[in-house]
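Fold and contact review
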Amino acid sequence: MTTSTNEELANPEISTAEECGTIEHHPIVIVGGGIGGLVLALCLDQVYNHPGEEGDNSLADDDDKGDDDDGCPKTPPPPATTASGPPRKYRLPIHVYESASAYGDNAGGAIGLYSNGLRVLRDLSAAHPEVPDLLSDVRDAGCDYLYRRWMRHDGTEVAVAREDELLPDVENDDDNDDDENEADDGRRYSGESEAADRRSRGGSFRGLRKSFVNLIGVPKNDRASGISTASSSSNMVETELLSLGIRRWKYQRVLYDACLAAGIRIHFGKRLQTAISMPPGSGDGTEDNDARTMLHFKDGSRITTSLLVGADGINSKARNYVTNPTKMDAGHDEQQHSTAQEGYVPEYTGVTCLMGCANVPRAQRGICFPSSATTMCHACYYPTRVPREDGGDGDPGEDYYEQVFQIYFPSPVERPDTWRTLTEEEAREECGELARRLREDGWDEQFLTALESPTLTGVLRVGLRSREGLDRWHVGGGDISGGEGSDDAAEVLGRAVLLGDAAHPPVPYIGQGAMMAMEDAGTLAKLLGHFCPITAIEQQRQQQDDHNASSTTIIRPNFAQFSNAMSVYESLRVPRTKAILGSSVQLGKTQQKRAESKLYNAWREMSIKAQVWAYGTLPVMRPGAAFDYGVAVEEALLAEG
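Being a predicted model, the structure only gives us computed values, none of them experimental. (Residues numbered from 1 in each chain as written. Predicted model: local features only at pLDDT ≥ 70, side-chain atom pairs only at ≥ 80, totals over all residues. Heavy atoms only, no water.)

Glancing now at the overall build of the protein chain. A count of helical and extended segments in the protein chain gives 17 helices and 21 strands. Across the 641 residues of the protein chain, 54% fall into the buried class. Once local pairs closer than 6 in sequence are excluded, the contacts in the protein chain between residues at least 24 apart make up 77%. Entry remark: accessible area of the protein chain is about 27,100 Å², with carbon and sulfur atoms responsible for 48%. (Helix = DSSP H or I, 4+ residues; strand = E, 2+ residues; numbered from the N terminus. Buried < 20%, exposed > 50% of the residue type's maximum accessible area, 1.4 Å probe, protein only. Contact = heavy atoms within 4.5 Å. Areas by Shrake-Rupley, 256 points an atom, 1.4 Å probe, with all protein chains shown as cover.)

Dropping the structure here:
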């Protein structure tokens, strides 16, 4: 895979309308180059440009990727004769417009990656010939959790679960006994003598049930799975999908390098201001009879697109267009359009988080959730780097280890002016003062080491915002070419669709915000590939002397069935994201209640212990991690007929 350099990141190539002498048009534009946007770009490139397992939709030569010498997109070569569909050598360009000027090192916090999101990366690694090592590269840049721990602020452990409990069972053709598979799986980590390692996979309820089944002699093939995350009676798990912690900038860098390897164009310094629907035949110099969306960026540049994908986060401008679309109208200027589009705004939750990272080891391996009724706050600590002999990615040196802390405080007064990345001096002062306060309140030293470390970095303070996800994530429909499923010209709006935080702003307590965006990306790409296949359009252009005409071949998806794609997309994603992110809100409330009430905390600790003993982990975590987006899409398409 291509590795990006600092020079590339600092001086990205940006193609603008002025360079080409006219307004650029791209069939698909992704606004937002965060995790969801980059994953979607790779997924779209795979389904449109490498649809076969071996990438049999061959691209143009490498020299044909990119732009002409003048910076303008290249005109495709004349099409070759094919029996059906567009010429295989044509490539649908994928463009991502990112507001940041570059992707920087040490920027932002960290995230957890769970099996439901990692499945998208695994599918890309298997199907995209340019990024076969994507999943392994991500795993190498992060650190397996291995364990999940619930603790008191004084270091007392309430309960511990193996992290592989979040993975579903998969079919195993091995004839070995279940108990043998279970033992191998459960003890592969056990440098620490953990009760969790000795517990039956699926929890004690499943273990007791298995013992009873063995006692009465039920044949193996007739056994039900009992309390399990899948129907298989085998206990094999997909270890490549084990959850891990990773710095956000490292993950983004791996995705960016993958996009470069795939020939995807990333345009930096492009902050979307407004999106305005252009009616068909808008006088843009083409005869393409299709509605388009005009995108206005903060730097003054403009482009048009047949499909805008809004992956621009919690403060999404694309969302403003979806919830309140506006058409190009001589009676409205751009400022009026911008004002009219403001609508859905996520609300402050009353919680502020201080997060950061330091090169210090965790006292015990795993993601940890301490709660304190003395300080009335709760926290999350997890590793993002450990020495290679412990299963990590480091070489010997002072940065052997890396752990992230996220400390959540109730803060009723909203102070967005204080939500930012702290300077090194501010970080040392604030984290040092916090460590002294927590020490006075009886916090164990394992939770203070990172706060007082001289390697402290990436410290930021942020207020948590959230709002229930939208019920409708798209605007616009099919084309107006008169084909089946197409729309009347008077009703057509420029197409747009949302994914990730733009559609469903999350809170972080269940660790599924980024995973929902990755699921969105994988689902959307599959559905667009199915309902909106790539097509080649011959477009005639009349020259100014009225005697000569030229033709250009336009490669774009056929959007006649776009409405059908969006119907399935929303039917799959809206209820899924509302359920999972709703669970995150509730889990955050219980964590804060633990910190505010000793009585509630005592009850909650007993509940956590009982659930982990019975089921192996908290059951509320399983619906998020065990989900397979690919299976969901296949089932939905079968139901569609």
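From this point on, the discussion continues.
If you trace the backbone, Lys609 turns up in helix α15 (residues 598-615). Separated by 448 residues in the primary sequence, Lys609 and Ala161 have C-alpha atoms spaced 9.9 Å apart. Those residues within four positions of Lys609 in sequence are excluded, and the remaining contacts are Val158 and Ala159.

In this section: helix α13 (residues 513-531). End to end, α13 covers 27 Å across 19 residues, agreeing with the expected 27 Å (1.5 Å per residue, within 8%). Counting buried residues in α13 gives 16 out of 19 residues, a clear majority hidden from the surface. (Expected span 1.5 Å × (residues − 1).)

Our next topic: the nonpolar core. Here is a general trend for soluble globular proteins: nonpolar side chains tend to be buried in one another's company. Counting residues in each nonpolar core, the largest one holds 113 residues, and the members touching the most others are Val39, Leu42, Leu44, Leu113, Leu121, Leu134 and Tyr251. If one sorts the elements of this core by residue count, helix α3 (residues 35-49) sits on top with 10 residues. Membership of the second largest hydrophobic core comes to 24 residues, among which are Ala427, Leu438, Leu451 and Leu456. (Core = buried A, V, L, I, M, F, W, Y, C linked by side-chain atoms within 4.5 Å.)

Pairing in this open sheet of 3 strands is antiparallel, and the strands run β3-β7-β4 from one edge to the other. Unpaired on one side and paired on the other, β3 (110-113) and β4 (143-144) mark the two borders of the sheet. Taken together, the 2 bridges between β4 and strand β7 (residues 244-247) define a ladder with antiparallel strand orientation. Counterpart to Cys143 in the pairing with β7 is Gly245. Lying on the sheet, helix α5 (residues 134-141) is in contact with β3, β4 and β7; it crosses β7 at an angle near 80°. (Pairing = 2+ DSSP bridges. Axes fitted to C-alpha atoms, helices over the stretch in contact; angles between N-to-C directions.)

Strands in a sheet are paired, the pairing made by backbone hydrogen bonds, and the direction either parallel or antiparallel. Taken in spatial order, the 8 strands line up as β6-β5-β13-β14-β15-β12-β17-β16 in an open sheet, and their pairing is mixed. Edge positions in the sheet fall to β6 (157-162) and β16 (420-421), since each of these pairs with one other strand and no more. Bridging between strand β5 (residues 147-152) and strand β13 (residues 367-372) involves 5 bridges; their strand directions are parallel. Paired with Arg148 across the two strands is Ile367, which belongs to β13. Against the sheet, α15 contacts β5 and β6, and its axis sits at roughly 25° relative to β6.

Our focus in this paragraph is the packing of α3 against α13. At their nearest, the axes of α3 and α13 sit 8 Å apart, and the two run at 25° to each other. As judged from the angle between their axes, α3 and α13 are roughly parallel. Read as a crossing pair, α3 and α13 show a hand that is right-handed. Here Ile35, Gly36, Val39, Leu40, Cys43, Leu44, Val47 and Tyr48 of α3 lie close against α13, whose contacting residues are Ala514, Ala517, Met518, Ala521, Gly522, Leu524, Ala525, Leu528 and Gly529. (Parallel < 35°, antiparallel > 145°, perpendicular 65-115°, else oblique. Left-handed = near helix turned anticlockwise from the far one by under 90°.)

With that settled, consider helix α4 (residues 115-127). Its 13 residues place the ends of α4 18 Å apart at the C-alpha level, agreeing with the 18 Å of an ideal helix rising 1.5 Å per residue. The buried fraction of α4 is high, at 11 of 13 residues. Residues of α4 that are buried: Ser115, Asn116, Gly117, Leu118, Arg119, Val120, Leu121, Arg122, Leu124, Ser125 and Ala127.

In total, this model carries 12 aromatic pairs according to the counting rule given. Seen in terms of ring centroids, Trp443 and Phe447 are 5.8 Å apart; in terms of plane orientation they differ by 85°. Their pairing is edge-to-face. Relative to Phe562, the ring of Phe559 lies with its centre 6.0 Å away and its plane at 80°, an arrangement referred to as edge-to-face. On the accessibility criterion, Phe562 (0% relative accessible area) is buried. (Phe/Tyr/Trp six-rings, centres within 6.5 Å; stacked < 30°, edge-to-face > 60°.)

Turning our attention to the confidence of the model for the protein chain. Residue-level pLDDT values for the protein chain average 77, and 70% of them are 70 or greater. Contacts for the low-pLDDT stretch residues 283-287, under 50 throughout, to residues beyond four places or in other chains number 7 contacts. In this model, residues 335-341 is a region of pLDDT below 50 whose contacts with residues beyond four sequence positions or in other chains number 15 contacts. (pLDDT = per-residue confidence, 0-100.)

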